[in-house]
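Topology and contacts: notes
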Amino acid sequence: MNAIELPAETEVVIVGAGPTGLALAVTLATTGVDFVIVDRLAEGANTSRAAVVHARTLEVLGELGAAAALIARGLRVDRFAISDGSRRLLTIPFDDLPTPYPYTLMVPQCETESVLLARLRALGHDVHRPFEVAAVAQDDAGVTLTMSTGQIMRAGYAVGADGMHSAVRRESGIGFTGSAYPESFVLADVTMDWTPGRDEVSLTLGTAGLTVVAPLPGGHYRIVATVDDAPETPDLEFVRRLLEERAPGQATVHGLAWSSRFRVHHRIADHYRAGRLLLAGDAAHVHSPAGGQGMNTGIQDGYALGSAFATGRLDDYEGRRRPVAQRVVAFTDRMTRVATTRSGVVRGARNIALTLLGHLPPVRTRFATEIAELN
Ligand SMILES: Cc1cc2nc3c(=O)[nH]c(=O)nc-3n(C[C@H](O)[C@H](O)[C@H](O)COP(=O)(O)OP(=O)(O)OC[C@H]3O[C@@H](n4cnc5c(N)ncnc54)[C@H](O)[C@@H]3O)c2cc1C
């Protein structure tokens, strides 16, 4: 696709072809709503980023005809475990979940985007690149989008699926309320021997921070850890020390494929709609990556919004999706606070409670349902 082919008008312009925009585009393509999707990058990102796809997202991708292709590229994980250091407190199996996909799928974000793009192309559409939306203005009859090239498009609606620093959100005047977490997050993809093995996602609690370890396809493991003070690009030694301190005796790290440190915000848009402008995905909500829910919530937003366009029930969209983001932010916040408490008393009580609760099947099922976003 190139600049010449950008149409002058359409019903819905989707700004941003990340997982959220692509999920919305595929939904609109399957329901016959006229749309155009643009992205400012000349090609899609090829980095791993969000690596967890939960059961509810697989259900949505199933509706869109994209689940089987993604499952073929990923790794199924059957359970989630919580430990304090090297002491196991709770194991939550996913196999009882009421879904055709009773597991978590580990797969790099670039693969998820590539499967959605292939599905979009199979439905006869494509992403228009590189087009950066520089200005958005709405009136009674529609929306005018001005590209940084000067080209102008007219549409009935514009959707900001353009990430955390959304231009559509900025132009809509919708606030993005919240703040930054004080600590930074370290992400690293490594090769290692890991005692808990490749069949589970492990969350390790500790006063120094939260640590999540999950297997990735191709023999790697993904590490996500909250760290008070981390180098910009954590090296192999840093990751080795981190795991030795937080999960003693569990890991022998051999190699580092990729690493990154970043600050995370927890923010939710005050509204998901202002007239003819709508928001979805990171443009509407951002939160800790510890629960692996950012991209999942975005894909589900895209599907819900596409269905709302198809059924003419746009007014219901915010009411259905904003509470989900509020719940994810509250859940990850609560989890982080309880997980990293420095109080010996609270920590002891937490560990006893988790161990006891782990023996109650209804509690395990509730926890698994929350993680899988099936509630
Ligand atoms: C290093 C890193 C690691 C991460 N790890 C995790 C993780 O482990 N778990 C997790 O859940 N989440 C993680 N995330 C977050 C996850 O990647 C996001 O939640 C997800 O990408 C959101 O998808 P989105 O489509 O809403 O937005 P994005 O993926 O940000 O896509 C937005 C798209 O809009 C385009 N765009 C932006 N502005 C414009 C404009 N003005 N005009 C045209 N196009 C525009 C961009 O080029 C981009 O393609 C991570 C993010 C990063 C950066």
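What you see is a predicted model; the values in this text were computed from it and never measured.

Within the chain, the regular secondary structure consists of 10 helices and 19 strands. Against the compact-globule benchmark of 21 Å for 375 residues, the chain has a radius of gyration of 21 Å, which places it among compact chains. Taken along the three principal axes of its C-alpha coordinates, the chain extends 60 × 40 × 40 Å. Looking at the chain residue by residue over its 375 residues, the buried ones come to 54%. Within the chain, contacts between residues at least 6 apart in sequence are counted, and of these 72% link residues at least 24 apart. Carbon and sulfur atoms make up 51% of the accessible area of the chain, which totals about 15,600 Å². Side chains of the chain carry 36 positive and 41 negative charges; the gap between the two charge centres is 5 Å.

The strand order across the open sheet formed by three strands is 3-7-4, and the pairing between neighbours is antiparallel. Pairing within the sheet leaves two strands with one partner each, and these edge strands are strand 3 (52-53) and strand 4 (75-77). Bridge count between strand 4 and strand 7 (residues 104-106): three bridges; the pairing is antiparallel. Each bridged residue has a counterpart across the sheet, and for Arg76 the counterpart in strand 7 is Leu105.

A few words now on the site of the ligand. Close contacts around the ligand come from 29 residues, with Thr20, Asp39, Gln109, Asp282 and Gly294 the closest. Within the contact set of the ligand, an oxygen atom lies 2.6 Å away from a side-chain nitrogen or oxygen of Asp39. In the environment of the ligand, an oxygen atom lies 3.0 Å from a nitrogen or oxygen atom belonging to the backbone of Gly294. Burial of the ligand by the surrounding chains reaches 84%, relative to a free accessible area of 990 Å². For the shell around the ligand, the elements supplying multiple residues, two or more each, are helix 1 (19-31) and helix 7 (294-311).

Between its first and last C-alpha atoms helix 7 spans 26 Å; for 18 residues at 1.5 Å apiece the expected length is 26 Å, and the two agree. Most of helix 7 sits out of view: 14 of its 18 residues are buried. Positive backbone phi, approximately 70 degrees, marks Gly312, located one or two places after helix 7.

For helix 6 (residues 236-246), every residue scored as buried is listed here: Phe238, Val239, Leu242, Leu243 and Arg246. Across the axial projection of helix 6, the buried residues extend over an arc of 125 degrees, all falling on one side. Buried residues belonging to helix 6 abut strand 12 (176-194), strand 13 (200-205), strand 14 (211-215), strand 15 (221-227) and strand 16 (251-269).

Mapped onto the elements, Gln109 comes out in helix 4 (residues 109-122). Take Gln109: its relative accessible area is 8%, and that puts it in the buried class. Beyond its immediate stretch of four places on either side in the chain, Gln109 contacts Pro19, Thr47, Ser48, Arg49, Ala50 and Met295.

Applying the stated criterion across every chain, the model contains three aromatic pairs. Here Tyr181 and Phe185 contribute two aromatic rings whose centre-to-centre distance is 6.0 Å and whose plane-to-plane angle is 65 degrees, an arrangement assigned as edge-to-face. Accessibility expressed as a relative area gives 5% for Tyr181, which makes it buried. Between Tyr272 and Tyr317, the ring centres sit 5.7 Å apart and the planes meet at 45 degrees, which makes this aromatic pair tilted. A residue pair is termed long-range when its members are at least 10 positions apart, and Tyr272 in the loop between strand 16 and strand 17 (273-274) and Tyr317 in helix 8 (residues 315-339) qualify at 45 residues.

Here eight strands make up an open sheet; going across it, the order is 6-5-13-14-15-12-16-19 and the pairing mixed. Only two strands of the sheet have a single neighbouring strand rather than two, namely strand 6 (87-93) and strand 19 (285-286). The pairing of strand 13 with strand 14 spans three bridges and is antiparallel. Looking across to strand 14, one finds that Thr204 is bridged to Thr211. Against the sheet, helix 9 (residues 344-357) engages strand 5 (79-84), strand 6 and strand 13, with an angle of about 40 degrees to strand 6.

This part covers the environment of Ala55. Within the element layout of this structure, Ala55 appears in helix 2 (residues 55-63). Each C-alpha atom, one on Ala55 and one on Leu28, is 22 Å from the other, the two residues being 27 residues apart in sequence. Among all residues touching Ala55, those that are not within four sequence positions of it are Thr99, Tyr101, Tyr103, Ala372 and Leu374.

Counting residues in each nonpolar core, the largest one holds 73 residues, and the members touching the most others are Leu120 and Leu145. Apart from the residues lying within four places of it in its own chain, the contact partners of Leu145 are Val13, Val15, Val133, Ala135, Val136, Gln151, Ile152, Met153, Ala155 and Ala158. One finds Ala51, Met106, Val224 and Leu374 within the second-largest nonpolar core, a separate group that totals 33 residues.

With that out of the way, let us pick up the pairing of strand 15. Strand 15 sits mainly inside the fold: seven of its seven residues count as buried. Residue alternation in strand 15 divides its side chains into two sets, Tyr221, Ile223, Ala225 and Val227 and Arg222, Val224 and Thr226, and both sets are buried. The pairing of strand 12 with strand 15 spans seven bridges and is classified as antiparallel. Residue Phe185 lies in a different strand from strand 15, and its bridge partner there is Thr226. Pairing geometry for strand 14 and strand 15, over five bridges, is antiparallel. Paired with Thr211 across the two strands is Ala225, which belongs to strand 15.

About the criteria used
- Residues numbered from 1 in each chain as written.
- Predicted model: local features only at pLDDT ≥ 70, side-chain atom pairs only at ≥ 80, totals over all residues.
- Heavy atoms only, no water.
- Helix = DSSP H or I, 4+ residues; strand = E, 2+ residues; numbered from the N terminus.
- Rg over C-alpha atoms; globule rule 2.2 N^0.38 Å.
- Buried < 20%, exposed > 50% of the residue type's maximum accessible area, 1.4 Å probe, protein only.
- Contact = heavy atoms within 4.5 Å.
- Areas by Shrake-Rupley, 256 points an atom, 1.4 Å probe, with all protein chains shown as cover.
- Lys, Arg positive; Asp, Glu negative; His and termini not counted.
- Charge placed at Lys NZ, Arg CZ, Asp CG, Glu CD.
- Pairing = 2+ DSSP bridges.
- Near = heavy atom within 4 Å.
- Polar contact = N/O pair within 3.5 Å; in protein donor to acceptor, adjacent residues only side chain to side chain.
- Expected span 1.5 Å × (residues − 1).
- Arc of directions from axis to C-beta.
- Phe/Tyr/Trp six-rings, centres within 6.5 Å; stacked < 30°, edge-to-face > 60°.
- Axes fitted to C-alpha atoms, helices over the stretch in contact; angles between N-to-C directions.
- Core = buried A, V, L, I, M, F, W, Y, C linked by side-chain atoms within 4.5 Å.

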